[in-house]
Amino acid sequence: MEKHITKYKKLLQQVDAWFQTVLEKHFDIVKCRPGCFDCCQGLFDIGLLDAIFVQQGMKRLKPQQLQIVKEKARELIEKAKKIDKDFAPPYSLSEWDETRIDELVLNVGKVFCPFINDEGFCSIYEYRPLVCR
């Protein structure tokens, strides 16, 4: 597994480097800046390796920060459970068809990622998933 984590880390570095060139070339169009969290809304899918990185990031949070993240995540999970009773641990939607997933995402609505803090910054930025890059 460690080999896969190392390879994935390199991929994330490549994605970050590529996106940096996009920012430099299209600074006037791409509005991603520190404190921007326009893309950090709604439900989104992450893979196993992303989950490992997120877990590593969570280990670096202060206890109070971690408690806030967990509470926000609990609220989001409860909201999703009210929409679809089958939304349950391990919270994998791989067996769901696209229509059902779209319905869940639509009905959950505009919710912010639990890792966005009160200042609008990602509390695990260094460990954020690929979809967040």
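Residues numbered from 1 in each chain as written. Predicted model: local features only at pLDDT ≥ 70, side-chain atom pairs only at ≥ 80, totals over all residues. Heavy atoms only, no water.

Examining the environment of glutamine 41
Tracing the chain through its elements places glutamine 41 in the loop between helix H1 (2-25) and helix H2 (48-59). Put simply, glutamine 41 and lysine 110 are 69 residues apart on the chain and 5.8 Å apart in space, counted from C-alpha to C-alpha. What glutamine 41 contacts, discounting residues up to four positions off in sequence, is Lys110, Val111 and Phe112. (Helix = DSSP H or I, 4+ residues; strand = E, 2+ residues; numbered from the N terminus. Contact = heavy atoms within 4.5 Å.)

Thoughts on the state of the cysteines
Applying the stated criterion across every chain yields a total of zero disulfides. The thiol sulfur of cysteine 40 is not disulfide-bonded, and the nearest other cysteine sulfur, from cysteine 132, lies at 6.2 Å. Cysteine 113 supplies the cysteine sulfur nearest to cysteine 132, a cysteine that is in no disulfide, at a spacing of 6.1 Å. Classification of cysteine 132 as partly exposed rests on a relative accessible area of 37%. (Disulfide = S-S within 2.5 Å. Buried < 20%, exposed > 50% of the residue type's maximum accessible area, 1.4 Å probe, protein only.)

Focus: unusual backbone geometry
Cis rather than trans, the peptide bond between proline 89 and proline 90 has omega equal to 5 degrees. Mapping proline 90 onto the fold places it in the loop between helix H3 (63-83) and helix H4 (98-108). With a phi close to 60 degrees, tyrosine 91 is a non-glycine residue in the positive phi region. Structurally, tyrosine 91 is set in the loop between H3 and H4. Taking relative accessible area as the criterion, tyrosine 91 reaches 30% and is therefore assigned partly exposed.

Points about the nonpolar core
Ile5, Tyr8, Leu49, Phe53, Phe115 and Ile124 are the most contacted members of the largest nonpolar core, which totals 14 residues. Secondary structure elements with two or more residues in this core: H1 and H2. Formed by seven residues, the second largest nonpolar core is a distinct cluster that contains Leu76, Ala80, Leu104 and Val108. (Core = buried A, V, L, I, M, F, W, Y, C linked by side-chain atoms within 4.5 Å.)

Some words on a nonpolar patch on the surface
A cluster of nonpolar side chains, Phe44, Ile46 and Val131, forms an exposed patch at the surface whose accessible area comes to about 240 Å². When its relative accessible area of 35% is taken as the criterion, isoleucine 46 is described as partly exposed. (Patch = residues over 30% accessible without salt bridge, like charges linked within 9 Å, V, L, I, M, F, W, Y side chains within 5 Å. Areas by Shrake-Rupley, 256 points an atom, 1.4 Å probe, with all protein chains shown as cover. Salt bridge = Lys/Arg side-chain N within 4 Å of Asp/Glu carboxyl O.)

Bear in mind that shape data such as this cannot, by itself, settle questions of function.
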